[in-house]
Structures are given as structure tokens and as C-alpha cells.
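# Summary of structural features
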Amino acid sequence: KGKKKVLETKFKMKAAILSIFLVTLCLAYGADDLELTVEFCRHGARAPINYPFNKQILHDFSNIGLGNLTPGGMRMHTLIGDQLRRNLVFSGNSLPTNYDINSMSVYSDNFNRTIQSAESQMYGLYPLGTGLHMNNAANIERSVPPMTVDGLRLKELMLGFNALNSRFSPIPVLHWDISDQLNHCPYLKEHSPFLNLTLLKATLKEIEPYISKVASWTGISEDLYKTDPVQVVYAADVLACNYWAGYEIPNFNAETDLQDVIALLEIGIYFENASTQEIARVRANPMVSPLKNLIEGVVESGSTTKFALFSGHDSDLAPLLAALEQPHYYPYFASTAIFQLYKKSATEQDVSRIMDEDSSSSAWDNYYIKAFFNNEELKFPGCTSDPCPAQDFVKFLDTVLVPDWDKLCDA
């Protein structure tokens, strides 16, 4: 009886403590520390890469160059960077006000459009006025190149103590060889969806209803498209590039027809890069692996990395989403998949220990994950609570990773 009374008293004490901390606990999520943000993005709007039947249609992008980032694409990523500055610097206190090489890393596939997208985003994250300045007058006096500089003194006066004009902050963009790895992967060549006749026929059947519309928008014969329906997807890409560049498209109503263009692009990108879960996992491995390593680095090793950006393509984001068992969202220009690692506030950790004092705990118990694709919050299999415990998420990533990936892709 006495033991029962002690247990009842203990339970009441826990209940009282829980009620006292209830409001604090609700606020604690807002006060949790954002320890790491990992972003995988698609480049911004670009010029077309392929023209159907090699015929130039609609606007001439020759001033940009095939496949290169447009001014609109640069602006897209600068705006993303500005929002990240608001979220990570001003609100989240995750990143410092000025660029710090120890707090972040930026990677890009080896394409002009992905490199420029990363640079544009960093320009938004660390805009003019956040760059380095000279130490003193002696530093200025000695920072002269070993060649004649006309008007040197005037230029020094104009720069003042700024290292660069307007204290611009150049941020290194490192090479991420994802395209090289996947383009030379023997497994992907052997399992190309174009070799799967059943899948190919089903996909071409999906494309058929759009042929007449695409023909009217591009001015190319409907019969010609019927001879090679794959060209319809190339045409959809050209139409999308024209639309996001602000150009007029004949017979095109953006309110209704844009969804058809996006549907075609979605069919094409998921067919080629995520037609099966196995292909999606193989293609996503170069993203899932660093994501897992970055999270483990913070939780287990105290890594100082607060932000990592990987600038790639729709052919990267689509298989990543598919491998993580997400809906088939189409990765528009400048789409982002963002994964954030939070550490619970000290108050919340104390409450957890009080309410579950008999359970074993580890460093992982203090961390959880939130993830978003553009404006959509992502939910993952295997998460035992919401938000997803970081350890549950990492265990899920283990099931996504391809154990023998190096052998499959001969890396």
C-alpha cells in the first residue's frame, strides 16, 4: 500500500511538472537550435538545351547560349539566398552575419548554369557589404599586384578599406562531380529505361494526348511529332524556357496550358531518372550519402558546418524525391529540397528526461529533422514521432543508400 502511494505521488509530481512546463515546451520548439541546413537545388531558369528536330523555335536564345542561365534564373537564386539570409542569419542565428569558411560549403555540378546558380544564391545570402575589409593602412599599401596598375592611388581611394568594390563577398564554389559519376555509371547504362520496351511504350502513350497542342504552340507538324514522340518532351522544355524568360508563345494560355507543359516535363524527367525505385536509389546515392555524413558529423563529431549547398539539375532532384519515397513533385527551375537538423532546447531536453527517466539516452535523442521541397513539408517512413527524430531519419537513409554503389557505378 505504501509503495502504491509513493508511485501515485511520483505520478502526480510528474503531471504537475508537465503542466508547469507545458507552455514553455510549446515555445521550446521555436527556441530550438538550427544546427545544420543542407540544400539540394536545381539551377534557375535557363536557355533551351535541345530543340525538337534540331529546329530553332520561338525566341532565339543565342545571346545566352544553349543551356546557360538566364538573367531570370540568376534572380531566382538571388531571391532564395535572400530568404535564406532571413531564415538562417537573422531569424535562426545559424549562420554568421558575414561569410565564414568554417560554417558552410558550396558545391556545384560542372555546368555554367549550376555554377552561376550557386553564385547567385550566395550573392543573396551574403550580399554587398558583407565581404572582407583590409586590416590597416600598411595592408592597403602592400596589397599591390606585381604589374603596373594605371590610376592606382585613385582606385585605392575608391576602394577604401574594402577588399572588393562595395565589400562584395566572393564565396568558393567547389566541384561536385555528380553528372560525371552518373553519366559513366555502367549500371545506369545497362538499365536505361529506353531499353525497357514495355515502360517506353507506356510512356509514349502518356505523351500522345499532348502532341496536337505542342504542335500548335511550336509550329512543327503534328505528323512529325508522331514519328518521334520523344521530341514532344524536348519541345515542352523549349516552351518552359520561353515562358520563364517572359516571351510570348503563340496560341498559349499560361493559366491552362502551362500545366500541360509541366506534365510533359514531369513524364520525361521521372521516366529517364526514376522509372524504377532501384534506378532512383542509384541516381540519388551521391546526394543521400553526403546528407547522411553531414548529419552524423554534427551529432557525433561536433562538426562546425552549418550550411551546405549542392547545385544540380531536375535530373538530380527527381530521383532524390523518388528514392526518399516522396510524391512525384516536378522540380521547376530553382526548386529546392532543404533538410534541417535541429537540436532541442535545454528546457525541452530537461522535460524529456523528467518524463522518461528510466530510458537510456544518447546524443541523438536531442536532435530532429525537418525537410521541405519548395513549400511542401516532407514526411518520411520510419519516423516514430513528428518532427522526425534525427536517428530515425538516418536509419531511413541507410535503407535508401545502395551498399555496393561504388561497384555498380565503377567509381
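Just so it is clear, the model here is predicted, and its values are computed rather than measured.

Cut-offs and rules
- Residues numbered from 1 in each chain as written.
- Predicted model: local features only at pLDDT ≥ 70, side-chain atom pairs only at ≥ 80, totals over all residues.
- Heavy atoms only, no water.
- 1 Å grid on protein atoms, 1.4 Å probe; cavity = no way out; pocket = protein on both sides within 12 Å on 5 of 7 lines; lining within 4 Å.
- Points joined across faces, edges and corners; volume = space filled by probe spheres on them.
- Helix = DSSP H or I, 4+ residues; strand = E, 2+ residues; numbered from the N terminus.
- Nonpolar A, V, L, I, M, F, W, Y, C, P; charged D, E, K, R; others polar.
- pLDDT = per-residue confidence, 0-100.
- Contact = heavy atoms within 4.5 Å.
- Buried < 20%, exposed > 50% of the residue type's maximum accessible area, 1.4 Å probe, protein only.
- Pairing = 2+ DSSP bridges.
- Salt bridge = Lys/Arg side-chain N within 4 Å of Asp/Glu carboxyl O.
- Disulfide = S-S within 2.5 Å.
- Axes fitted to C-alpha atoms, helices over the stretch in contact; angles between N-to-C directions.
- Parallel < 35°, antiparallel > 145°, perpendicular 65-115°, else oblique.
- Left-handed = near helix turned anticlockwise from the far one by under 90°.
- Phe/Tyr/Trp six-rings, centres within 6.5 Å; stacked < 30°, edge-to-face > 60°.
- Polar contact = N/O pair within 3.5 Å; in protein donor to acceptor, adjacent residues only side chain to side chain.

### Concerning empty space enclosed by the protein
Per the counting criterion, the structure on display carries 1 cavity of 30 Å³ or more. Estimated volume of the largest cavity: approximately 30 Å³. Looking at the largest cavity, the residues that line it are R42, D237, A240, W244, L265, Y330, Y332 and F333. In terms of residue count, helix α11 (residues 230–244) provides more of the lining of the largest cavity than any other element does, 3 residues in total. Its residues assigned to classes, the lining of the largest cavity shows 6 nonpolar, no polar and 2 charged.

### Thoughts on the layout of surface pockets
In this structure, the largest pocket occupies an estimated 1,000 Å³ of space. Together, 39 residues line the largest pocket, and I269, E272, N273, D314 and S315 are the ones closest to its centre. Looking at which element gives the most residues to the lining of the largest pocket, the answer is helix α12 (residues 254–274), with 7 residues. Of the residues assigned to the lining of the largest pocket, the class counts are 19 nonpolar, 11 polar and 9 charged. In terms of lining, the second largest pocket is formed by 21 residues, of which the most central are Q83, L84, N87, I338 and Q340. Listed by contribution, the elements that provide at least two residues to the lining of the second largest pocket are α1 (2–31), β1 (33–42), α2 (71–91) and β5 (336–343). Here the lining of the second largest pocket is built from residues that sort into 9 nonpolar, 10 polar and 2 charged.

### Quick word on the confidence of the model for the chain
When pLDDT is averaged across the chain, the result is 89; 89% of the residues are at 70 or more. Throughout residues 9–29 the model reports pLDDT below 50, and contacts reaching past four residues in sequence, or to other chains, amount to 15 contacts.

### A short note on the pairing of β5
Within β5, 7 of the 8 residues are buried, which leaves it mostly tucked inside the rest of the structure. In terms of strand pairing, β1 meets β5 through 8 bridges, oriented antiparallel. Of the residues in β5, the one forming a bridge with T37 is Q340. Summarising the sheet, β5 and strand β6 (residues 367–373) pair through 7 bridges and their orientation is antiparallel. Bridge assignment links I338 to a residue of β6, and that residue is F372.

### Observations concerning the pattern of salt bridges
Counted under the stated rule, the structure contains 12 salt bridges. In this structure, the salt-bridge partner of D398 is K292, at a minimum N-O distance of 3.4 Å. Placement of the pair is D398 in helix α16 (residues 390–400) and K292 in helix α13 (residues 277–301), with a sequence separation of 106 residues. If you follow the salt bridges from partner to partner, you end up with E141, R153 and E156 in one network.

### A few points about the state of the cysteines
Throughout this description, disulfide means a covalent bond between two cysteine sulfur atoms. What the rule picks out here adds up to 2 disulfides. There is a disulfide in this structure between C185 and C409, and the S-S distance comes to 2.1 Å. Looking along the S-S bond of the C185-C409 disulfide, the torsion reads about -70 degrees, which is the left-handed sense. You can see C185 sitting in the loop between α6 (178–183) and α7 (186–190) and its partner C409 sitting in the segment after α17 (405–408), a full 224 residues away along the chain. Among the residues examined, C185 registers a relative accessible area of 0% and is labelled buried. Disulfide pairing places C383 opposite C388 at an S-S distance of 2.0 Å. What sets the handedness of the C383 and C388 disulfide is the S-S torsion sign, and at about -80 degrees it is left-handed. Should the bonded cysteines of the chain be numbered as they appear in the sequence, the pairing reads 1-4, 2-3.

### Let's talk about unusual backbone geometry
Here the amide bond leading from D386 into P387 is cis, since omega sits at 0 degrees, within 30 degrees of zero. Not every positive phi belongs to a glycine, and S166 is a case in point at roughly 60 degrees. Looking at the element boundaries, S166 is found in the loop between α5 (152–159) and β3 (174–175). The phi torsion at E325 lies on the positive side, around 60 degrees, for a residue other than glycine.

### Points about the packing of α13 against α16
Interaxial distance between α13 and α16 falls to 9 Å at its minimum, and their mutual angle equals 150 degrees. As far as their axial angle goes, α16 and α13 are roughly antiparallel. Crossing handedness for the pair α13 and α16: left-handed. Between α13 and α16, the contacting residues are R281, V288, L291, K292, I295 and E296 on the first element and F393, V394, L397, D398, T399 and V400 on the second. Within the contact of α13 with α16, the residues separate by chemical class into 7 nonpolar, 1 polar and 4 charged.

### Focus: the packing of aromatic side chains
Following the criterion strictly, the structure yields 21 aromatic pairs and no others. Where Y243 meets W244, the ring centres are 5.1 Å apart and the plane angle is 90 degrees; that geometry is what we call edge-to-face. Among the aromatic residues, ring-to-ring pairing joins F40, Y107, W176, F310, F339, F380, F393 and F396 into one connected group.

### Looking at the side chain of Q340
Among the secondary structure elements, Q340 is positioned in strand β5. Overall, the relative accessible area of 11% leaves Q340 in the buried class. Separated by 3.4 Å, the side chains of Q340 and Y342 make a polar contact. With near-sequence residues (within four places) excluded, Q340 lies in contact with L34, L36, T37, L88, Y368, I369, K370 and F372.

### So, the packing of α12 against helix α14 (residues 314–323)
Following both chains from N to C, one finds α12 and α14 inclined at 70 degrees, their axes separated by 9 Å at the closest point. It follows that α12 is roughly perpendicular to α14 by the angle criterion. Between α12 and α14, the residues in contact are I269, Y270, N273 and A274 and D314, S315, A318, P319, L321 and A322, respectively.

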